[in-house]
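# Observations on the three-dimensional arrangement
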Amino acid sequence: MTHRSRLGVVVIDCETDDLTEAAAFWSAALGRTVTVDADGQYAQAERTETGPRVLLQRVGHAPRVHIDIETDDREAEVARLEALGAKKIDSLKGWHVMEAPTGHRFCIVKPQTGDFPGDAATWD
């Protein structure tokens, strides 16, 4: 079955109980307004016409940066990436955590914006 996918978000994982300081830092570093959501789990950087979307996420593991690949068929995208050598590590709240052959973690998520498929690649 044909499906589409693309880079969706650069996610900055922050090991903290409060994203306020991280949001202030990344706002100044990126030159974008970064707004923490009501429950304090995520902070979204304002969108630009070019460049990737940026999201801060409060986590309980070591800080790191990962990408989210958005797709209209998560299971097909997982299978495609496993065929390329990636491993599925976990499934959480409707997304899949993957690990590239290089050891880098990334997530497979449903489309996150209204402009999908936009510039998404098409896969058979």
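Located above this text is the structure these notes cover.
What you see as residue numbers is a count from 1 along each chain, following the sequence as written. Reporting of local features is limited, given that this is a predicted model, to residues whose pLDDT is at least 70; pairs of side-chain atoms are given and counted only at 80 or more, and all residues count toward the totals for whole chains, interfaces and linings. Based on all heavy atoms of the structure, the side-chain values leave hydrogens and waters out of the count.

### Some remarks on the overall build of the chain
- Secondary structure assignment for the chain yields 2 helices and 9 strands.
- Ordered by position from the N terminus, the helices and strands of the chain form the series β-α-β-β-β-β-α-β-β-β-β.
- Radius of gyration means the value over C-alpha atoms here, while the globule rule gives 2.2 Å times the residue count to the 0.38 power. In terms of overall size, the chain behaves like a compact globule, its C-alpha atoms giving a radius of gyration of 15 Å where 124 residues would be expected to give roughly 14 Å.
- Its C-alpha atoms put the chain at 45 × 30 × 25 Å along the principal axes.
- Relative accessibility thresholds used throughout: buried, under 20% of the residue-type maximum; exposed, over 50%; partly exposed, between the two (1.4 Å probe, protein chains only). Within the chain, the fraction of its 124 residues that count as buried is 37%.
- Taking the contacts inside the chain whose residues are at least 6 apart along the sequence as the reference set, 59% of them involve residues at least 24 apart.
- In this description, accessible areas are obtained by the Shrake-Rupley approach with a 1.4 Å probe, and a residue is regarded as covered only by the protein chains that are shown. As presented, the chain carries roughly 7,300 Å² of accessible surface, and 53% of it is formed by carbon and sulfur atoms. Going along the chain from the N terminus, every DSSP run of H or I of four or more residues is numbered as a helix, and every run of E of two or more is numbered as a strand. Residues count as neighbours in contact if any of their non-hydrogen atoms are within 4.5 Å of one another.

### Some thoughts on the nonpolar core
- Throughout this description, the term nonpolar core refers to a set of buried Ala, Val, Leu, Ile, Met, Phe, Trp, Tyr and Cys residues connected via side-chain atoms within 4.5 Å. Counting residues in each nonpolar core, the largest one holds 10 residues, listed as Ile12, Cys14, Leu19, Ala22, Ala23, Val34, Ala43, Ala45, Val54 and Leu56.
- Counting only elements with at least two residues in this core, the list comes to β1 (3-15), α1 (20-30), β3 (42-45) and β4 (53-59).
- For Ala45, the contacting residues outside a window of four places in its chain are Arg32, Thr33, Val34 and Val54.
- Listed in part, the 8 residues of the second largest apolar core include Ile69, Leu81, Ala100 and Ile108.

### With respect to the pattern of salt bridges
- Think of a salt bridge as a Lys or Arg side-chain nitrogen and an Asp or Glu carboxyl oxygen that are within 4 Å of each other. For the structure on display, the rule yields 8 salt bridges.
- Where Arg64 meets Asp13, a salt bridge forms, and the shortest distance between an N and an O atom there is 3.6 Å. Placement of the pair is Arg64 in strand β5 (residues 64-71) and Asp13 in strand β1, with a sequence separation of 51 residues.
- Residue Arg64 is classed as partly exposed on the basis of its relative accessible area, which comes to 36%.
- The network of salt bridges with common partners includes Arg6, Glu70, Asp115 and Asp119.

### Brief notes about the packing of aromatic side chains
- Think of it this way: a Phe, Tyr or Trp ring, Trp meaning its six-membered ring, pairs with another when their centres are within 6.5 Å, and the plane angle makes it stacked under 30 degrees, edge-to-face over 60, tilted otherwise. Enumeration over the complete set of coordinates arrives at 1 aromatic pair.
- Here Phe25 and Trp26 contribute two aromatic rings whose centre-to-centre distance is 5.0 Å and whose plane-to-plane angle is 85°, an arrangement assigned as edge-to-face.
- Over a ring means this: the NZ of a Lys or the CZ of an Arg is within 6 Å of the ring centre and within 35 degrees of the ring normal. Between Arg80 and the ring centre of Trp123, over which it is positioned, the NZ or CZ distance is 3.6 Å.

### Focus: the environment of Val54
- With respect to the helices and strands, the residue Val54 is situated in strand β4.
- We classify Val54 as buried; its relative accessible area is 7%.
- Beyond its immediate stretch of four places on either side in the chain, Val54 contacts Val9, Val10, Ile12, Leu30, Arg32, Ala43, Gln44 and Ala45.

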